[in-house]
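# Examining the three-dimensional arrangement
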Amino acid sequence: MTALVDDDRLAAAVHALAPNLYARRTVLVTGGGSGIGKAIAWLLGRLGAQVVICGRKQDRLEATRTAMQAGGLAVAAQVCDIREEDAVNRLFDFATERFGPLDLLVNNAGGQFPQSAIDMAPKGWRAVVDLNLNGTWLMMQTAAQRWRDQARGGAIVNIVAACGRGMPGIIHTSAARAGVINASRTAAVEWAPHRIRVNCVAPGVVDSGGLEAYPAEARARFALANPQKVLGDPWDIAQMVAFLGGDAAKFMTGATVEMDGGGALWGDLWTIDRPTSFAPSAEAGA
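Residues numbered from 1 in each chain as written. Predicted model: local features only at pLDDT ≥ 70, side-chain atom pairs only at ≥ 80, totals over all residues. Heavy atoms only, no water.

## Some remarks on empty space enclosed by the protein
All chains considered together, the criterion is met by one cavity of 30 Å³ or more. Each pocket or cavity is described by its volume, and for the largest cavity that value is around 50 Å³. For the largest cavity, the full set of lining residues is Phe92, Thr96, Leu102, Ala143, Arg146, Trp147 and Gln150. Elements represented by at least two residues in the lining of the largest cavity include exactly α4 (85-99) and α5 (122-150). (1 Å grid on protein atoms, 1.4 Å probe; cavity = no way out; pocket = protein on both sides within 12 Å on 5 of 7 lines; lining within 4 Å. Points joined across faces, edges and corners; volume = space filled by probe spheres on them. Helix = DSSP H or I, 4+ residues; strand = E, 2+ residues; numbered from the N terminus.)

Shown next as structure tokens:
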């Protein structure tokens, strides 16, 4: 795992947010046992939140929970498949019983694999869309229904992807993340009367521990996909999530904040081996 999501680093990393910003608040972070979700959980915990993390891998959740508790943070963990309605309801019950009503939901869980669009198997398409789009939606709706029934507001921050220009090599997640962005815009309007805010953070390529799943040729060019020519840091994503979920962003809803080093404006990202027709020599007409 990359040093950027090492527990010691996350326990000491400098942040730009007010101490105790989340004091007495309960937050739920999906995919909180590793990567960006782990950085988010650590930061919210350090800001005073009571943090519930979930994921599908017990060992990762327990390792993160143990490290955060050792740092004096209030945290609980539960295995959950966010695609399953009963499991999601049990997760929300667990969070409420442990720490009280939820204040912030961070939908970070998701995943994909590199594959050319033309060769994408229907099973692979359905699996990624089901997790990234349907699972996120189930979490969003469950949170909103409970806040409505409790007559209390809340905030949702969805981790998506900087997919405005398409994402060659991962068409399934590009479609799913775009779906989450538009669902968030729609929900932000419908749920405003319930005092529920919905925003998204769209990272570019972030060094969060999962890049080894991509071909070596693609990885070697990831940092060149933005004008800063660097990979993203999970801690920066975490700080934006904490801002959007807090009171300083109370007038923000339906927004998508891109954190991609300027990649949406400049750059060329392939998550599979670049086809020869897109090689620099071909682009130059050589």
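## Concerning the pattern of salt bridges
What the rule picks out here adds up to nine salt bridges. Residues aspartate 81 and arginine 83 are paired through a salt bridge, measuring 2.9 Å at the closest nitrogen-oxygen approach. (Salt bridge = Lys/Arg side-chain N within 4 Å of Asp/Glu carboxyl O.)

## Considering unusual backbone geometry
Despite not being glycine, asparagine 20 has its phi angle at roughly 65°, a positive value. Assignment of secondary structure puts asparagine 20 in the loop between α1 (7-12) and β1 (26-30). Positive phi, close to 60°, is recorded for lysine 229, a residue that is not glycine. With respect to the helices and strands, the residue lysine 229 is situated in the loop between α7 (216-221) and α8 (234-245). We classify lysine 229 as partly exposed; its relative accessible area is 49%. (Buried < 20%, exposed > 50% of the residue type's maximum accessible area, 1.4 Å probe, protein only.)

## Here we look at helix α3 (residues 58-70)
Given a rise of 1.5 Å per residue, 13 residues ought to cover 18 Å, and the 18 Å separating the end C-alpha atoms of α3 matches this to within 8%. Residues of α3 that are buried: Leu61, Thr64, Ala67 and Met68. Looking straight down α3, one finds that the buried residues subtend no more than 140° of arc, so they occupy a single side. Set apart from the buried face of α3 by more than 90 degrees, the exposed residues are Asp59 and Ala70. Just past α3, the residue glycine 72 takes up positive phi, approximately 80°. (Expected span 1.5 Å × (residues − 1). Arc of directions from axis to C-beta.)

## What about the sheet that holds strand β5 (residues 154-159)?
The strands making up a sheet associate through hydrogen bonds between their backbones, and the pairing can be parallel or antiparallel. A sheet is described by the order of its strands in space; here seven strands give the open sequence β3-β2-β1-β4-β5-β6-β7, paired in parallel fashion. For this open sheet the edge positions go to β3 (75-79) and β7 (256-259), each flanked by a neighbour on one side alone. Strand-to-strand twist across the sheet, computed as the mean angle between neighbouring axes with direction ignored, equals 15°. Summarising the sheet, strand β4 (residues 104-107) and β5 pair through four bridges and their orientation is parallel. Across the sheet, the residue bridging to leucine 104 is alanine 155, located in β5. Sheet strands in contact with α4 are β1, β2 (50-55) and β3, and its direction is about 160° off that of β3. In this fold α8 packs onto β4, β5, β6 (196-203) and β7, with an angle of close to 165° to the strand it touches most, β6. (Pairing = 2+ DSSP bridges. Axes fitted to C-alpha atoms, helices over the stretch in contact; angles between N-to-C directions. Contact = heavy atoms within 4.5 Å.)

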